[in-house]
Amino acid sequence: MRISFSYLMTILVITGCVGDVPRGPTPGRPAFEGLRARDLVEVQVAFGPRVPGTVGHDRQLRWMLARLDLLAPEVIADTFSYVTTYSDSLTLVNVLARYRPEAKRRLLLLAHWDTRPRSDRAQDPAERELPVPGANDGGSGTAVLLELARIMSDAPPPLGIDLLFVDGEDYGPEAVDMFIGARRYADRLPLPGSGRRPIYGILLDMVGDADPSFPVEGYSAQHALPVVQKVWRTAAGLGYSNFFPESVGLRLSDDHIPLIEAGLQTVNIIDFTYGGSDNIYWHTPEDVPSHVSASTLEIVGEVITELIYSGG
Ligand SMILES: [Zn+2]
């Protein structure tokens with residue numbers, strides 16, 4: 001993702017209706033286990049960087065598809081070509097796993113599964129040409145979605161759920177060659193009323209830092225406030241308001257922007273203080289599994305699980 005420095009504000013947007021905050025998890029719903037998600041981060045990083053055109057990307061794709069074929073009623077692999085502004089020819093694959101594919105009321109949950117080809121933000125210039133391991137940036141959101149896939153294969157959700165694993169989020173180097181898979185999906189978004197279009201979307205990106213902080217991302221607050229209210233109130237209801245402060249943080253260009261532009265309200269759950277307030281591990285070789293926390297993955301996974309099993 002990229003930062004917009006044009007605008008930074010901190011205001012409270014959600015409080016005022018505290019009375020309707022739900023308390024505690026929906027009875028009987030499955031729990032989300034952070035350790036399982038953490039294991040899935042390790043598996044991904046062991047494939048190597050998931051940069052389009054590399055063996056790690058290919059290994060991860062085959063692993064995800066094999067796993068989802070066992071866990072989801074419908075799996076669609078959308079393979080497409082993309083040529084970057086620097087004339088790199090990429091083969092990219094968006095993977096969509098659909099639960100209750102017939103349901104008209106459905107949510108979209110998405111994360112990018114690719115990783116960045118270069119560590120632009122490394123302190124040491126010699127490291128800047130290294131690919132990012134992508135434990136948190138790519139691995140964490142994908143791990144949460146894959147664990148949700150397992151949970152929903154055991155306990156079918158009360159509404160339709162689309163898990164979208166987008167490719168080419170982090171290719172770059174500039175924004176013109178980023179969010180490629182999300183733009184592809186947004187361009188082909190099912191029509192309203194078609195029974196395939198989600199009612200809203202939630203993006204998970206960098207959701208594994210050991211010191212979790214998920215303020216409301218700025219574009220989400222501006223363009224998807226009802227979804228923000230739903231998600232942040234759900235977090236508060238589970239006792240996570242310390243980790244999901246109801247204040248607006250940075251505006252971050254990310255995979256939710258093409259969806260918003262296509263008329264699908266989508267929020268970005270993102271912790272942009274990876275390794276501390278200076279975000280020191282982001283886009284560096286330090287984005288490794290030892291810097292990803294099972295308990296943080298569990299907090300985020302619990303919020304999404306609660307949203308799903310409370311009916312969206
Ligand atoms: Zn990134």
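Residues numbered from 1 in each chain as written. Predicted model: local features only at pLDDT ≥ 70, side-chain atom pairs only at ≥ 80, totals over all residues.

1. Description of the overall build of the chain
Convention followed: Segments assigned H or I by DSSP are reported as helices when at least four residues long, segments assigned E as strands when at least two residues long, and all are numbered from the N terminus. Between the buried cut of 20 or more and the exposed cut of 12 or fewer other C-beta atoms within 10 Å of a residue's own C-beta lies the partly exposed class, and all C-beta atoms are placed from the backbone. What counts as a contact is two residues whose backbone-derived C-beta atoms lie within 7 Å of each other.
When helices and strands are tallied, the chain shows eight helices and eight strands. Its C-alpha atoms give the chain principal-axis dimensions of about 55 × 40 × 35 Å. A burial count over the chain gives 49% of its 312 residues as buried. The long-range share in the chain, meaning contacts at least 24 apart out of those at least 6 apart in sequence, stands at 80%.

2. What to know about the environment of H223
Inspection of the secondary structure assignment puts H223 in helix α5 (residues 218-223). Sequence separation between H223 and P157 is 66 residues, and the spatial gap between their C-alpha atoms is 27 Å. Residue contacts for H223: discarding those within four places in its chain leaves I260 and Q265.

3. A look at the packing of helix α1 (residues 34-46) against helix α3 (residues 139-154)
So the rule is basically this: Angles run from 0 to 180 degrees between N-to-C directions of axes, and those axes are lines fitted to C-alpha atoms, restricted for helices to the stretch in contact. Note that the term roughly parallel is reserved for angles under 35 degrees, roughly antiparallel for angles over 145, roughly perpendicular for angles of 65 to 115, and oblique for everything else. Each crossing gets its handedness from the near helix: less than a right angle anticlockwise from the far helix is left-handed, clockwise is right-handed. Residue classes follow a fixed rule: Ala, Val, Leu, Ile, Met, Phe, Trp, Tyr, Cys and Pro count as nonpolar, while Asp, Glu, Lys and Arg count as charged, and any other residue, Gly among them, counts as polar.
Running from amino to carboxyl end, α1 crosses α3 at an angle of 125°, the nearest separation of the two axes being 8 Å. Considering the angle they form, α1 stands oblique to α3. Considering only the axes of α1 and α3, their crossing is right-handed. Side by side, α1 and α3 meet where R36, A37, L40, V41, Q44 and V45 of the first sit next to G139, S140, T142, A143, V144, L146 and E147 of the second. For the contact of α1 with α3, the residue count by class is seven nonpolar, four polar and two charged.

4. Focus on helix α2 (residues 55-71)
Put simply, the rule reads: One less than the residue count of a helix, multiplied by 1.5 Å, gives the span that helix is expected to have. The arc in question is traced by the directions running from the helix axis to the C-beta atoms.
The terminal C-alpha atoms of α2 lie 24 Å apart, and with 17 residues this matches the ideal 24 Å at 1.5 Å per residue to within 8%. Taken residue by residue, α2 has G56, H57, Q60, L61, M64 and L68 as its buried positions. Axial view of α2: buried residues confined to an arc of 130°, hence all on one face. Exposed residues on α2 whose side chains face more than 90 degrees from its buried face are V55, R62, A66, D69 and L70. Buried residues along α2 sit in contact with α1, β2 (74-83), β3 (89-99), α3 and β5 (160-166).

5. As for α1
Counted at 1.5 Å a residue, the expected span for α1 with its 13 residues is 18 Å, and the 19 Å between its end C-alpha atoms agrees. Of the residues making up α1, those classed as buried are G34, A37, R38, L40, V41, Q44 and V45. Taken around the axis of α1, the buried residues stretch over an arc of 155°, which confines them to a single face. Opposite the buried face of α1, by more than 90 degrees, sit the exposed residues L35 and A46. Tucked inside the fold, the buried residues of α1 contact α2, α3 and α8 (294-309).

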